[in-house]
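If you want the building blocks of each chain, they are given just below.
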Amino acid sequence: MPKPNTPQVVLVTGGSSGIGKAVCAYLAAQGHTVYGTSRKPAGQAEGYQLIAMDLADEVSVNQAVAEVLANSNRIDAVVNNAGLGIQGATEDLTPGQATALFDTNVMGAHRVVRAVLPQMRKQGSGLIINITSLAANFGLPYRGFYSASKAALERYTETLSMEVKPFGIRVASLQPGEYKTNIGANRIRPAQTSEPYKAGYNSAMELLGGSLHYSRDPNEVARLVERIMADPRPRTVYYAAHGKQRLAVLLKKLLPGRFFQRLMMQEYK
């Protein structure tokens, strides 16, 4: 494992925008060698290299990892950040839309993990940080499949951590709350909202738009990523959230289920 403050070779998926871009730019500014991925890399990155990777295509994932190894001969850390959002009443979303979400948010991360583990085992060291979400802790009205995909990634991360520990590989999940990103513009949506759900859906989306507008700087997440990289014994889960977003995680654990759901629906109405 690299010593603290030693420059590391880092692969960050979804490195062209949002949290991924912030992580790439920040780590590069701290002296790390950073490779960010994008399905269609274009333009000049801020001190790091953008390479092509389609999380839905195993060949593309393997080629991107091979490119990093050809250039740098090692991979010290992977930040599985790329993902999709989804919104809509659960009934309105098709199985195909839900499958596409899981294929990116869960299986996409898995494809990257499978591609980097042989090299990390060879090195006898490595760090995998899976970016999940606070939404992994509870169902969000009209974003249920998003919560489900991130919860699945949490359990995947937990299992992976135990399986690869004997090889000197560390694994952690990082759960951000709402940050200023463009994830809302790219969410999967139903073709139309059914009449019974329109009022609740419109109210929830109005709240979501407001919370995103006033959300925090994604550089907070980038700084936390570097802290995890420097820790020889990282925690299993890290939270990047403040105020009532962070409080909701605690309340979910302490309150009766139906009472917590009532509080959640009051927030969304």
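Predicted model only: the values in this text are computed from it and were never measured. Each chain carries its own residue numbering, running from 1 in the written order of its sequence. Where totals are concerned, whole chains, interfaces and linings use all residues; where local detail is concerned, this predicted model gives features only for residues with pLDDT of at least 70, and gives and counts side-chain atom pairs only at 80 or more. Side-chain descriptors were evaluated using all non-hydrogen atoms of the structure, hydrogens and water having been removed beforehand.

(A) The environment of Gly43, seen in detail. For Gly43, the location among the structural elements is in the loop between β2 (33-38) and β3 (49-52). For the pair formed by Gly43 and Ser72, sequence separation is 29 residues and the distance between their alpha carbons is 22 Å. Counting from the N terminus, the helices are DSSP H or I runs at least four residues long and the strands are E runs at least two residues long.

(B) The arrangement of empty space enclosed by the protein in detail. Both cavities and pockets are sets of points on a 1 Å grid over the protein atoms alone; in a cavity a 1.4 Å probe fits but cannot get out, in a pocket the set is open with protein on both sides within 12 Å along at least five of seven lines, and lining residues sit with an atom within 4 Å of a point. Grid points are joined across faces, edges and corners, and a volume is the space filled by probe spheres set on the points. Scanning the entire structure with this criterion turns up one cavity of 30 Å³ or more. Considering the residues around the largest cavity, the lining is formed by Thr13, Leu55, Asn80, Asn81, Ala82, Thr104, Asn105, Gly108, Ala109, Ile131, Lys150 and Leu153. Here the lining of the largest cavity gets four residues from one element, more than from any other, and that element is helix α3 (residues 95-123). Note on residue categories: nonpolar means Ala, Val, Leu, Ile, Met, Phe, Trp, Tyr, Cys or Pro, charged means Asp, Glu, Lys or Arg, and polar means any other residue, Gly included. Across the lining of the largest cavity, the residue classes break down as five nonpolar, six polar and one charged.

(C) Molecular detail of the packing of aromatic side chains. Any two rings among Phe, Tyr and Trp, with Trp reduced to its six-membered ring, count as a pair given centres within 6.5 Å; such a pair is stacked if its planes are under 30 degrees apart, edge-to-face if over 60, and tilted if neither. As enumerated under the stated definition, the model contains two aromatic pairs in all. Aromatic side chains Phe138 and Phe260 sit 5.7 Å apart centroid to centroid with 40° between the ring planes, which places their arrangement in the tilted category. Of the two residues, Phe138 sits in the loop between β5 (126-131) and α4 (144-164) while Phe260 sits in helix α8 (residues 257-268), which places them 122 residues apart along the sequence. Remark: exposure states derive from per-residue accessible area (1.4 Å probe, protein chains only) relative to the maximum for the residue type, with buried under 20%, exposed over 50%, and partly exposed in between. The exposure class assigned to Phe138 is buried, which follows from its relative accessible area of 9%. A relative accessible area of 6% places Phe260 in the buried class. Residues Tyr142 and Tyr201 carry aromatic rings whose centres are separated by 5.9 Å and whose planes lie at 75° to one another, so their mutual orientation is edge-to-face. Taken as a pair, Tyr142 in the loop between β5 and α4 and Tyr201 in helix α5 (residues 198-213) lie far apart in primary sequence, 59 residues in all. The pair formed by Tyr142 and Tyr201 is uniform in burial state, with each residue classed as buried. Note on geometry: a ring has a charge over it if NZ (lysine) or CZ (arginine) is within 6 Å of the ring centre and within 35 degrees of the ring normal. Here the guanidinium or amino end of Arg121 rests over the ring plane of Phe167, the centre of that ring lying 5.8 Å away. The positively charged end of Arg246 is found above the aromatic ring belonging to Tyr239, 3.9 Å away from the centroid.

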